[in-house]
Each structure stands twice: as C-alpha cells, then as structure tokens.
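Overview (structure and organization)
As a plain string of letters, each chain reads:
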Amino acid sequence: MRISTAQMYHQNLSQVLDKQSATSKVMEQIASGKRVNTAGDDPVAAIGIDNLNKKNELVDQFIKNIDYATYRLSLAESELGSAHSLVTTMKDQLLSAMNGAMDSSDRQSIANDIQSNLEALLKVANSQDESGNYIFAGNKTGSQPFTLDSSGQVIYNGDTGVRQSIVASGVTVGTNFPGDKVFLKTPNPLGDFGVNYLPGQSGDIYISSAKITDSGSHVALSPEQYTFNFVDNGTGGIDLQVVDSASNVQTFTNYDSASPVSFNGIEVTIEGTPQPGDSFTMSPQSEVDVFDTINQIITLLNDPSTINSPQGDSQLAQLLNQIDSSAKQIDSNRGVAGNDLKQIDKYQSAHTDEKLINTSALSMLEDLDLAEAITELEKQQVALNAVSSVFSKVGSTSLFDYL
C-alpha cells in the first residue's frame, strides 16, 4: 500500500492541530478557573450548570424583592408606631379631661394639647420616604394623601392599593398600608350605628352596643335614622319610643335598662338610668375616622355649656371608646407589618441557604482542579512538541537528501 506525500502531510498537520487545540483548551480552563466553559466541554454538566445559574438568578431576584419589602415595611412600622403613640397620648389626655375636678380652662388647655398632637398625627399620615413618595397614599404615592377641606375636615386623597412584592415562588407580601385602612376605617366600637346625644339630657345614659343582629328581618330605610325618646308613662315608670325616619313609632312600655332594646332586626344596649325627656338619635355607622373623632373631642372640650352636662359626659364616653378603637386599629396594622417582617426574614434565610447549596453544586460541576489542569497542560505541551518535531522533519524530507 502506497502512502502519498500529501496524505502524510495532512495526517501530520491534523495531529499538530489537534494537540494545539487540546493545549489551548487546557490553557482556557486555567485562565477562567472553570472546567466547563462551553457546552462542548461537558454537555451533561453544562445542562446542570445552566439550571443552577437560573435558580440562583431567581433567588437573587427574590432577595432583592425582600430587601425592598423589608425597607418599606420597616419604614411603615416605624411611622405606625409614632401614630399609635400620638393617639394613645390623646386618649390619656381625654381621660384627664373627663376628671370631674377639671374646670373649663383646664379642659381648654387639654384641647390645645390634643390639637397639637392632631397636627403631629396628620404629619405622620403624610410622611414620605427618601424618594419623596407618600407612605400611606396607596398607589398614589406622588400625591399627599391627607388634606384639610374648607371646613377643617381631613380628606383622604389616596386609594386602597396595596403594592405586592414577590418574596418566594407563589408568595407575595404587601409592602404598604393605605391610609384609609389605617386612619379612617376603624371599626365602630358600638357596632353598626353611631349615636348622637341631644341637648336637654338629664339622665346618665350611654349606648354600649348598637348592632344589626338579624339581617334577614332588618329593613334599611333611606335615610335610615332612629330617634329614641324617653317619656313619663304616668304610672311612675318610663316608656321608650323609637321613631324611624318614616315616622313609624314603636313603644317599649315600662322600659327596663337591664334588657336590650330590639326592633327591625337591630339590638341596642343602653347603659345607665334615663330620665323623662332624654333623647338621642342613631344612624348607620360601621366605621369611625380617627381625625373626625379627635376633632369632635376638641370641639366638645372647648364648649363649656356641653362638656359640663350629662349630654357631654355621654359624648365623651363614646368618643373615648372611638379613640381607643382607633389606637387598636393602628396598632393592629403595625402588628401586621411586624409579622410580615418576621415572615420575609425567614424567606431570606431560606434563600440564602438555597443559594449556598446551589453554589456548592455549581462548584462541583464547573470548578477546575488547578493542579490536575497544570499536569494535563504539561502533557499536552510535550505531545505538541513531539508532534511538531515529527511534522517538521517529515515535511522537509526530500529524495535528494539521500542521493
């Protein structure tokens, strides 16, 4: 069998190129510190490396989301703590004002202090983050959420939006608290109705509960308002007349304060001892507004004619319950923020552990054994030198060398 010169040349050249390629590959591995730089280096390992890298990218995004949520929730929790402290202080000030030893000037002084705290509470409700975004505005972070109208009432300009942050697969957490939920939509401590005590009251009465207990039989009028009149029945007792907005009258003869008053699916619990001529009205109100409650307190404390009367005492007792409910509402939202912070901290720890495991697996798949690679490089260089030497000798061989 004859071997042509061209065939021998190409065979030797191919060997040289193969050895150069092998040497270059080892040098690239040493330079990168990676055993697998392309899918061709190890197809099976490359698939595993790609999957682990994608998992780490997802974990990194979760960690970024958690960092964002942690900052937002921490900021909200801090401001909610300030709001709760202010409302609690105003509650204590109201309790002081209810002391019978207080005179009008003392109560007006307390009203001034409450007014200052109300202004501070409004600033907290309009607090901003480092970028100037309003914390309690819902999704309308660029607009001031709470403003005063022409009558001095606080108006909410935000919305009910809650921004969600994905902290794990299938797990989201709210990162903000809409201002209406925190400050305006406080559960009415009475239940479903608000009470307005009327001038001329002489008895010691207070409504502790006014709820719809039978929604099936309850007929809501438009407007729905009830007037409670206590009248002398002429036999030494008191009758209670309940008049609705359609002028329908229901009379409870020989009224007994030990039993709740039930009508139209509504149950009302009246504490104390009423006197003939006492009246109050009741209208639907399932929620109370902390700013409105505080404004009512200030107005009442600055009105000597009302504050020093049974009517004023009843109103103060109701307002005390309302501001207490508002304090609980704010503290409840603060508790939600604290619990969410604890939960996402657990997710962050889990993500950190997962990334550590993924990184360890990546290292096993792609990291290079440097000592082994250097040994391989030396072997490839020796082989390359040998092949190159043979090729140079074969390539320069001529018949004339032997003539």
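Residues numbered from 1 in each chain as written. Predicted model: local features only at pLDDT ≥ 70, side-chain atom pairs only at ≥ 80, totals over all residues. Heavy atoms only, no water.

1. Concerning the overall build of the protein chain
Counting secondary structure elements, the protein chain contains eight helices and 14 strands. Looking at the protein chain as a whole, 39% of its 403 residues are labelled buried. Across the protein chain, every contact between residues at least 6 apart in sequence was considered, and the portion connecting residues at least 24 apart equals 66%. Accessible area for the protein chain stands at about 21300 Å²; split by element, carbon and sulfur atoms hold 51% of it. (Helix = DSSP H or I, 4+ residues; strand = E, 2+ residues; numbered from the N terminus. Buried < 20%, exposed > 50% of the residue type's maximum accessible area, 1.4 Å probe, protein only. Contact = heavy atoms within 4.5 Å. Areas by Shrake-Rupley, 256 points an atom, 1.4 Å probe, with all protein chains shown as cover.)

2. Some points on the pairing of strand 13 (residues 279-284)
Inspection of the sheet shows strand 6 (residues 193-197) paired to strand 13 by five bridges, in the antiparallel sense. Paired with V195 across the bridge in strand 13 is M282. Two strands pair when backbone bridges link them, and strand 8 (residues 226-232) and strand 13 are joined in this way by four bridges, in the antiparallel orientation. In the strand pairing of strand 13, Y226 is matched with M282. (Pairing = 2+ DSSP bridges.)

3. Concerning the confidence of the model for the protein chain
Put simply, the protein chain has an average pLDDT of 85, and 78% of its residues get 70 or more. Contacts of residues 15-19 to residues separated by more than four positions or lying in other chains number nine contacts, the stretch itself having pLDDT below 50. (pLDDT = per-residue confidence, 0-100.)

4. Structural notes on the layout of surface pockets
The space that makes up the largest pocket amounts to roughly 240 Å³. The set of elements that each furnish at least two residues to the lining of the largest pocket consists of strand 6, helix 5 (290-301) and helix 7 (310-366). Class assignment for the residues of the lining of the largest pocket results in three nonpolar, nine polar and two charged. (1 Å grid on protein atoms, 1.4 Å probe; cavity = no way out; pocket = protein on both sides within 12 Å on 5 of 7 lines; lining within 4 Å. Points joined across faces, edges and corners; volume = space filled by probe spheres on them. Nonpolar A, V, L, I, M, F, W, Y, C, P; charged D, E, K, R; others polar.)

5. Some words on the nonpolar core
Counting residues in hydrophobic clusters, the biggest one holds 48 residues, and the most contacted among them are L121, F146, F183, F291, I294 and L301. Counting only elements with at least two residues in this core, the list comes to helix 2 (43-97), helix 3 (104-125), strand 2 (154-156), helix 4 (179-184), helix 5 and helix 7. One finds Y226, F230, F252 and F280 within the second-largest nonpolar core, a separate group that totals 23 residues. (Core = buried A, V, L, I, M, F, W, Y, C linked by side-chain atoms within 4.5 Å.)

6. A closer look at the pattern of salt bridges
Side chains bearing opposite charge may pair, as long as their charged atoms lie close to each other. As enumerated under the stated definition, the model contains six salt bridges in all. Put simply, D324 and K91 hold a salt bridge, and the shortest N to O gap is 2.7 Å. Of this pair, D324 sits in helix 7 while K91 is found in helix 2, placing the two residues 233 residues apart along the sequence. With relative accessibility at 19%, the residue D324 sits in the buried group. Note on K91: relative accessible area 22%, which makes it partly exposed. (Salt bridge = Lys/Arg side-chain N within 4 Å of Asp/Glu carboxyl O.)

7. So, the packing of helix 3 against helix 5
Put simply, helix 3 and helix 5 touch, their axes get as near as 9 Å, and they point 160 degrees apart. Relative to helix 5, the element helix 3 lies roughly antiparallel. Judged by the twist between their axes, the crossing of helix 3 over helix 5 is left-handed. Between helix 3 and helix 5, the contacting residues are R107, Q108, I110, A111, I114, Q115, L118, L121, L122 and A125 on the first element and V290, F291, I294, N295, I297, I298 and L301 on the second. (Axes fitted to C-alpha atoms, helices over the stretch in contact; angles between N-to-C directions. Parallel < 35°, antiparallel > 145°, perpendicular 65-115°, else oblique. Left-handed = near helix turned anticlockwise from the far one by under 90°.)

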